[in-house]
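Fold and contact review
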Amino acid sequence: MAFDIEMIKEVYAQIPSRIEAARKVVGNPLTLTEKILYAHLTEGAASQVYKRGTSYVDFQPDRVAMQDATAQMALLQFMQAGRSQVAVPSTVHCDHLIQAEIGANQDLSKAKDKNKEVYDFLASVSNKYAIGFWKPGAGIIHQVVLENYAFPGGMMIGTDSHTPNAGGLGMIAIGVGGADACDVMAGLPWELKFPKLIGVKLTGKLSGWTSAKDVILKVAGILTVKGGTGAIVEYFGEGARSLSATGKGTICNMGAEIGATTSIFGYDEKSAAYLSGTGRSDIAALADGIAAHLTGDPEVYANPEQYFDQVIEINLSELEPHVNGPFTPDLAWPISKFAAAVKENGWPAKLDVGLIGSCTNSSYEDISRAASLAQQAVDKKLVAKSEYTITPGSEQVRFTVARDGFLDTFDKMGGVVLANACGPCIGQWARHGAEKQEKNSIITSFNRNFAKRADGNPNTHAFVASPEIVTALAIAGNLTFNPLTDTLTNSEGNQVRLEEPRGLELPTKGFSVEDAGYQAPAEDGSKVQVLVAPTSDRLQLLESFAAWEGMDLKGMKLLIKAKGKCTTDHISMAGPWLKYRGHLDNISNNMLIGAVNAFNDSTNSVKNQLTGEYGEVPATQRAYKAAGIGSIVVGDENYGEGSSREHAAMEPRFLGVRAILVKSFARIHETNLKKQGMLALTFANPSDYDLIQENDVIDINGLTTFAPGKSLEVIFHHADGTSHTVVANHTYNEGQIEWFKAGSALNLIKEAKA
Ligand code: SF4
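For clarity, every value in this text was computed on a predicted model and none was experimentally measured. (Residues numbered from 1 in each chain as written. Predicted model: local features only at pLDDT ≥ 70, side-chain atom pairs only at ≥ 80, totals over all residues. Heavy atoms only, no water.)

1. A few points about the packing of aromatic side chains
Formally: For Phe, Tyr and Trp, where Trp contributes only its six-membered ring, two rings pair if their centres lie within 6.5 Å, and the inter-plane angle classes them as stacked under 30 degrees, edge-to-face over 60, or tilted in between. For helices the rule is a DSSP run of H or I covering at least 4 residues; for strands it is a run of E covering at least 2, with both sets numbered from the N terminus onward. Here's how the labels work: a residue is buried when its accessible area is under 20% of the maximum for its type, exposed when over 50%, partly exposed in between, all with a 1.4 Å probe on protein chains only. Comment: the charge-over-ring label is applied if NZ (Lys) or CZ (Arg) is within 6 Å of the ring centre and within 35 degrees of the ring normal.
Summed over all chains, the structure comprises 23 aromatic pairs. Ring geometry for Tyr-639 against Phe-665: centres 6.1 Å apart, planes inclined by 85°, an arrangement best described as edge-to-face. Taken together, the positions of Tyr-639 in the loop between strand E25 (631-635) and helix H23 (647-655) and Phe-665 in the loop between strand E26 (657-662) and helix H24 (667-675) put the pair 26 residues apart, joining distant regions of the chain. Like Tyr-639, the residue Phe-665 is buried in the burial classification. Arranged with centres 5.5 Å apart and planes meeting at 85°, the rings of Phe-706 and Phe-740 form a pair that is edge-to-face. Here Phe-706 is found in the loop between strand E28 (697-701) and strand E29 (712-717), whereas its partner Phe-740 is found in helix H25 (residues 734-742), with 34 residues between them in sequence. Each member of the pair Phe-706 and Phe-740 is classed as buried. Sitting above the plane of the Phe-654 ring, Lys-625 keeps its charged end 4.3 Å from the centroid. The positively charged end of Lys-663 is found above the aromatic ring belonging to Tyr-689, 4.4 Å away from the centroid.

Here you go:
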């Protein structure tokens, strides 16, 4: 039911000839990444050499996966495209809207009630357009995809930034905005700037307390949150082959935190074992038949410096467990140095909560290794000092680990099993007392730890580590505990040590599940009614954005000059706002409320140039819109990093912001802005950012001759009568300029259909 063997056979039939054709054109030995990318070029894009980091290329992905929060807008957009069904196999996964509060059953049942209209909409729209639907409780998108849909050599896009998880099974899997998903589901090519390639050579073998998570925690420390921008990270070497497929998935998943386009491992025995273990030995057999095409050429791995733009080498035998954070996932601490860092920085040493699981780390291997520590805690009469939660990634994993007794073990340690959903990882955590905003520490095996992400409290210091380290620290109740060297006092007053965790990559009795939570679509969806109530405050059918007026933009106001980190969480906050993901007008009330105004260092407080008063950002922008005045947003480095949500682009577009001018963009957000018909511009001279003043009135010139590679001119008229002219660069190609002119990419799709 869940995978499409015929589609995979078709893909595999084409891979060898396409790679050989590429080999002739490129003339070099090929990395795995190049092989899969070249195998997925559209016909028109084949037979060319693409320049890494420069060329825009059209691809034809094999699959689309959407999570419920982003699927709403993606599918509302798809409905506007006038197609009768999706052009490639697609799935929807209900995982982001389930709030964690008490425990799995109560939380799930409350979510079904609270989100009924959204689930009904998603189920009906999936049913109509031939989309597989995974009900609430079925699991988290990336775990469900890894178990059911990911296949070596495939290409998938997903409306979630951790889509790269499927790279653990050798797939090029890339997080995109809903607008991209809409295009691919409508049968259009998907465009990507041909990435740079970072090679990570893994030598040695993991042992003891170290796990796959520590590889990516280490890589994040080396590359930082910007270091992977515009690049695909390819892992190889004997160390790579020694990792389980799910461990590889963890590494690829969290590769999103270094800004990488995606990450990938080659097909090997571990991939085959996981495919067979998840009921897909037929795919493993097919992959075995073209195995040489599902890994990089031997010459590449023998001399990686010649073929990758950057090479990193990590010896797994020497790798220490890491803890990263707080507030950013690239602040990497080997466990031996972490206690000192906690003390020196004055971070709260007392650990309030340890949370394991999520899409990043909820494999059978993860859960079994963490459970081995929980069992030790019980056996050695240690009482866990912190609260402890477990989020299984899928119903299949949950059912299997329950069957094998691990959930009982966690229960004995005082652990609480949450629903198979995102929960605390996306701010859907009704954490009692968080509203008091007290300084406290938590540690998770998730992937992101930006301020407020887990519980909305800016003073929660969130750290990221492997499930094993999270569990050990939760037992100790203190961040300064190093399980490799320290002892703990048990309930009898004895000093005891936690032994190294032990686990199994795959269940010896196989996976098992009673109801995986899948709904297949109708054979003929033409009669299916999509359920959207006109009075709904959570769902709203879309109206087209207006086309460009055909002239330069004059007399705009500065809405905000954002200072420092401005992620998509700052632009379109998650947490309580998630419920408006399908209602553009309502969710626009969160626009940029997390961004710091450079002029007063406050959030959600900007000067309304019409009144001279300070007001909230959305209200100020609505005032400009009502007065028919456009505005621009100015931002800092890596603007729009983080989650792929296109709301962060649609909201400013809907409220009348015309351009975003920043020092640099995160890739997905820049594309999202272009799709929505916005101007995404960068300062040619980043220090010009300092010239922008609070009362500036702004013109953008050069739009009537808007062309690829040709800068635009932005004039800032200051209140004192002086002005500055700034050169603004852009990365629009011809097609993207047409999106701008039409008002949005979707407007163009509709025109093409008409
Ligand atoms: S990273 Fe967190 S929020 Fe995103 S899909 Fe995974 S569990 Fe859900």
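2. Some points on the environment of Ala-451
In this structure, Ala-451 sits in the loop between strand E17 (440-444) and strand E18 (460-464). Take Ala-451: its relative accessible area is 42%, and that puts it in the partly exposed class. With 71 residues separating them in the primary sequence, Ala-451 and Ala-522 have C-alpha atoms 43 Å apart.

3. Quick notes on the site of the ligand
Threshold: By convention in these notes, a residue is near a molecule or strand provided one of its non-hydrogen atoms lies within 4 Å of it. Any residue that is not Ala, Val, Leu, Ile, Met, Phe, Trp, Tyr, Cys, Pro, Asp, Glu, Lys or Arg is counted as polar, Gly included; the first ten are nonpolar and the last four charged.
Around the ligand lies a shell formed by His-96, Ile-140, His-142, Asp-160, His-162, Ser-358, Cys-359, Cys-422, Cys-425, Ile-426, Asn-447 and Arg-453. Counted by class, the shell around the ligand contains 5 nonpolar, 5 polar and 2 charged residues.

4. Observations concerning unusual backbone geometry
The step from Gly-325 to Pro-326 runs through a cis peptide bond, and the omega angle for that step is 0°. When you line up the elements, Pro-326 lands in the loop between strand E12 (322-324) and strand E13 (332-334). For Asp-601, which is not a glycine, the phi torsion comes out positive at approximately 55°. For Asp-601, the position within the fold is in the loop between helix H21 (584-587) and strand E23 (606-607).

5. Describing the pattern of salt bridges
Stated precisely, the cut-off is as follows: Salt bridge, as used here: a side-chain nitrogen of Lys or Arg that lies within 4 Å of a carboxyl oxygen of Asp or Glu.
Inspection of every chain in the model, using the stated rule, returns 29 salt bridges. Two residues, Arg-431 and Asp-455, come together in a salt bridge whose shortest N-O distance is 2.7 Å. A residue pair is termed long-range when its members are at least 10 positions apart, and Arg-431 in the loop between strand E16 (416-417) and E17 and Asp-455 in the loop between E17 and E18 qualify at 24 residues. Assigned by exposure class, Arg-431 and Asp-455 land together as buried. Shared partners join several salt bridges into a network, and the residues in it are Glu-20, Arg-23, Lys-35 and Asp-297.

6. Quick look at the side chain of Gln-428
Selection rule: Between N or O atoms, a polar contact is any pair within 3.5 Å; within protein, one atom must be a potential hydrogen donor and the other a potential acceptor, and residues adjacent in sequence are included only when both atoms are from side chains.
Tracing the backbone shows Gln-428 in the loop between E16 and E17. Overall, Gln-428 belongs to the buried group, its relative accessible area being 8%. Looking at Gln-428, its side chain comes within polar contact range of the main-chain oxygen of Leu-97, at 3.5 Å.

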